[in-house]
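Okay, here's what each chain looks like letter by letter:
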Amino acid sequence: MKALVIGATGATGKDLVNQLLQDQDFDEIKVFVRKPVDIQNDRVKVYVVDFEKPEQWKDEVKGDVAFSCLGTTLKAAGSKEAQRKVDFNYQYEFAKAAKENSVEDYILVSSYGANPKSKIFYSRMKGELEEAVKQLHFNKITIFKPGMLERKDSDRAGEVLGSRIIKFANRLGLLESQKPLPTNVLAKAMINSSKIKSNGYSSIKLGNIFCFAEKSND
């Protein structure tokens, strides 16, 4: 299979690319990034692109399955408008290019609580993206809706503290629906889902993400 990836420099994206490289079912991995990345492997093609100019790169978005795990934080982006560019505009343009190039399988990382009618900016934006991508009518689309992600060597103090609190609560049998999800587990679930032969739309929430990561595709 030929895989297409955006968001390869983030925690989930890095885990995803590393696992794709270990999976012999994928003979080519196209990675679309805003800045150069050092990935030394003959199966990987890196495209450094300007996501605001899809006309320059959209013809390269050709393959069997597209993985979208691009995203940023409000703090890193600097404003809601800048965050929306990354979390909505760039991802939608990538999805649109994939559809135009007859990619049949689209896998999107969204968020728990995503809702286009939410009063919360982040949840509303994620919900709007889900709806926009669904309207492209891929042959198969899978949307993963994780809660708190557990990133390896995270430097986000609030995220680390939050994860510790929830893990402690989990040991007491509390907040099971908010169990932190390691990014490598999410990446494995995404890859496993790409090997399931099906059509239509699927929404995968936290508990089922762990199940998908454990599935065997032998």
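Reference entry: report on the structure contained in this document. (Residues numbered from 1 in each chain as written. Predicted model: local features only at pLDDT ≥ 70, side-chain atom pairs only at ≥ 80, totals over all residues. Heavy atoms only, no water.)

## A closer look at the pattern of salt bridges
Enumeration according to the criterion identifies 10 salt bridges in this entry. Note that Glu-52 is salt-bridged to Lys-85, the shortest N-O span being 3.2 Å. You can see Glu-52 sitting in the loop between strand E3 (44–48) and strand E4 (65–68) and its partner Lys-85 sitting in helix H3 (residues 80–100), a full 33 residues away along the chain. Overall, Glu-52 belongs to the partly exposed group, its relative accessible area being 46%. A salt bridge links Glu-128 to Arg-84, with the nearest nitrogen and oxygen atoms 2.8 Å apart. Here Glu-128 is found in helix H4 (residues 121–134), whereas its partner Arg-84 is found in helix H3, with 44 residues between them in sequence. The exposure class assigned to Glu-128 is partly exposed, which follows from its relative accessible area of 24%. What makes Arg-84 partly exposed here is its relative accessible area of 27%. (Salt bridge = Lys/Arg side-chain N within 4 Å of Asp/Glu carboxyl O. Helix = DSSP H or I, 4+ residues; strand = E, 2+ residues; numbered from the N terminus. Buried < 20%, exposed > 50% of the residue type's maximum accessible area, 1.4 Å probe, protein only.)

## Details of the side chain of Ser-110
In this fold, Ser-110 is placed in the loop between strand E5 (105–109) and H4. The exposure class of Ser-110 is buried, given its relative accessible area of 7%. Separated by 2.6 Å, the side chains of Ser-110 and Glu-130 make a polar contact. The contacts of Ser-110, once residues within four sequence positions are left out, are Lys-126, Glu-130, Ile-143, Phe-144, Lys-145 and Pro-146. (Polar contact = N/O pair within 3.5 Å; in protein donor to acceptor, adjacent residues only side chain to side chain. Contact = heavy atoms within 4.5 Å.)

## Quick look at H4
Relative to the 20 Å expected for 14 residues at 1.5 Å per residue, H4 spans 20 Å between its end C-alpha atoms, a close match to the ideal helical length. Among all positions in H4, only Phe-121, Ser-123, Met-125, Lys-126, Gly-127, Leu-129, Glu-130, Ala-132 and Val-133 are buried. The inward-facing, buried residues of H4 contact H3, E5 and strand E6 (140–145). (Expected span 1.5 Å × (residues − 1).)

## As for the packing of H3 against H4
Put simply, H3 and H4 touch, their axes get as near as 10 Å, and they point 15° apart. Our classification of the angle between H3 and H4 gives roughly parallel. Classified by chirality, the crossing of H4 by H3 is right-handed. Of H4, the residues touching H3 (which contributes Lys-80, Gln-83, Arg-84, Asp-87, Phe-88, Gln-91, Tyr-92 and Ala-95) are Phe-121, Tyr-122, Met-125, Lys-126, Glu-128, Leu-129, Ala-132 and Val-133. (Axes fitted to C-alpha atoms, helices over the stretch in contact; angles between N-to-C directions. Parallel < 35°, antiparallel > 145°, perpendicular 65-115°, else oblique. Left-handed = near helix turned anticlockwise from the far one by under 90°.)

## Comments concerning the sheet that holds strand E1 (residues 2–6)
An order of E3-E2-E1-E4-E5-E6-E9 is seen for the 7 strands of this open sheet, with the pairing classed as parallel. The two strands at the open ends of the sheet, each matched to only one other strand, are E3 and strand E9 (200–205). Averaged over all neighbouring strand pairs, the angle between strand axes comes to 15°, with direction disregarded. Here 4 bridges tie E4 to E5, and the two strands are oriented parallel to one another. Across the sheet, the residue bridging to Phe-67 is Ile-107, located in E5. Running over the sheet, H3 touches E1, strand E2 (28–33), E4 and E5 and is turned about 170° from E5. (Pairing = 2+ DSSP bridges.)

## Side note on the packing of helix H1 (residues 11–21) against helix H6 (residues 183–194)
Relative to each other, H1 and H6 sit at 55°, their axes nearing to 8 Å. On the basis of their axis angle, the class for H1 and H6 is oblique. With respect to the hand of their crossing, H1 and H6 are arranged in right-handed fashion. Residues Ala-11, Thr-12, Asp-15, Leu-16, Gln-19 and Leu-20 of H1 form the contact with H6, whose participating residues are Thr-183, Asn-184, Leu-186, Ala-187, Lys-188, Met-190 and Ile-191.

## Things to note about the packing of aromatic side chains
Centre-to-centre distance and the angle between the planes together describe a pair of aromatic rings. On inspection of all chains with the given rule, the structure shows 10 aromatic pairs. Here the aromatic residues Phe-32, Tyr-47, Phe-51, Trp-57, Tyr-90, Phe-94, Tyr-106 and Phe-138 are joined through ring pairs into a cluster of three or more. The side chain of Arg-84 reaches across the aromatic face of Phe-88, ending 4.3 Å from its centre. Against the face of Tyr-201 rests Lys-134, its NZ or CZ located 4.4 Å from the ring centre. (Phe/Tyr/Trp six-rings, centres within 6.5 Å; stacked < 30°, edge-to-face > 60°. Lys NZ or Arg CZ within 6 Å of the ring centre and 35° of its normal.)

Structural measurements only, silent on function.
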